[in-house]
Amino acid sequence: MGRGKMIKVTCIVGSARNDGSCAYLTDAFIKGLNGKAQIKKYCVSDMDLHFCKGCKNCYEMGECVTRDDVQSVVGDIMTSDYVFMAAPSYWAGVPAQLKALFDRTTPYGDTNPKRIVNPKDGIKGIAVAVRAGTRQAENELIISSIEHYFGHLGIQTIKAISVLQTDTLSDLLEKNEKIIAEVTRLGEDIANNRL
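Predicted model only: the values in this text are computed from it and were never measured.

Caption draft 1: Broad picture of the overall build of the protein. A tally of regular secondary structure across the protein gives seven helices and five strands. Relative to the 2.2 N^0.38 estimate, which gives 16 Å for 195 residues, the radius of gyration of the protein is 16 Å and therefore close to what a compact globule would have. Once the C-alpha set of the protein is aligned to its principal axes, its extents read approximately 50 × 45 × 25 Å. Here the protein holds 195 residues, and 48% of them are scored as buried.

Caption draft 2: Looking closely at helix α4 (residues 96–104). Listed as buried for α4 are L98, A100, L101, F102 and R104. On its buried side, α4 packs onto β1 (7–13), α3 (70–78), β3 (82–88) and α5 (136–152).

Caption draft 3: Focus on the nonpolar core. In terms of nonpolar packing, the biggest core is built from 30 residues, with L98 and L101 touching the most fellow members. Breaking this core down by element, the ones donating at least two residues are α3, β3, α4, β4 (124–130) and α5. Ignoring anything within four residues of it in the chain, the contact list for L98 reads I12, G14, V44, M85 and A87. Counting 27 residues, the second-largest nonpolar core is a separate cluster that includes I7, C11, A86 and I126.

Caption draft 4: Geometry of the sheet that holds β3. With parallel pairing, the five strands of this open sheet are ordered in space as β2-β1-β3-β4-β5. Edge strands, defined here as strands with exactly one partner in the open sheet, are β2 (37–43) and β5 (156–163). On average, each strand axis in the sheet is inclined to that of its neighbour by 15°, with strand direction left out of account. Where helix α1 (residues 21–33) meets the sheet, its contacts fall on β1, β2, β3, β4 and β5, and the angle it forms with β1 comes to roughly 165°. Strands β1, β2 and β3 of the sheet are contacted by α3, whose axis makes an angle of about 135° with β1.

Caption draft 5: Spatial organisation of the environment of L25. As for its placement among the helices and strands, L25 is situated in helix α1. On the accessibility criterion, L25 (0% relative accessible area) is buried. Expressed as a C-alpha distance, the spacing of L25 and G133, which sit 108 residues apart in the sequence, is 18 Å. Apart from residues no more than four positions distant in its own chain, L25 is found in contact with F84, V128, V130, V163, L172, I179, I180 and V183.

Procedures and definitions
- Residues numbered from 1 in each chain as written.
- Predicted model: local features only at pLDDT ≥ 70, side-chain atom pairs only at ≥ 80, totals over all residues.
- Heavy atoms only, no water.
- Helix = DSSP H or I, 4+ residues; strand = E, 2+ residues; numbered from the N terminus.
- Rg over C-alpha atoms; globule rule 2.2 N^0.38 Å.
- Buried < 20%, exposed > 50% of the residue type's maximum accessible area, 1.4 Å probe, protein only.
- Contact = heavy atoms within 4.5 Å.
- Core = buried A, V, L, I, M, F, W, Y, C linked by side-chain atoms within 4.5 Å.
- Pairing = 2+ DSSP bridges.
- Axes fitted to C-alpha atoms, helices over the stretch in contact; angles between N-to-C directions.

As structure tokens, this is what we get:
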């Protein structure tokens, strides 16, 4: 990034809760940015977000026929320099609210030759997975889902972070101080053009 241009960062809390561990980690990342970025933060739990109808009209029109918050979040994602996404594990997958966003982004992905919204070049992504248990494999599935989503939008994943043993915000604060610090440093590195 040139020194005169403020970077744009879109953060997505992909949880059914807007005040849990994923939101806390997102805020830690934003804190690390230290006011040196234009930030848009979305919590899927707070969005007006409808399910995909499977109508396939997007392959003719280049966009979704359903009008809700998807158009805003996609517009911000596709014009960002960085996209930060944190999701908890719901049965080894992302929550339904985040999956709905993934599905509804189909019109704007690289599989739609008629898409009318294209990503800017060089968008970088950060994927964070949070789960209560200790098995890393479950978080790898979530990270893989986020990376797959990023890939279809032309976003290159530059960092994946796995958080284990975190069922509640208290668990995060008590057991994962190092990860909170890592996420904050990640924001600092981006703000200072080190990543």
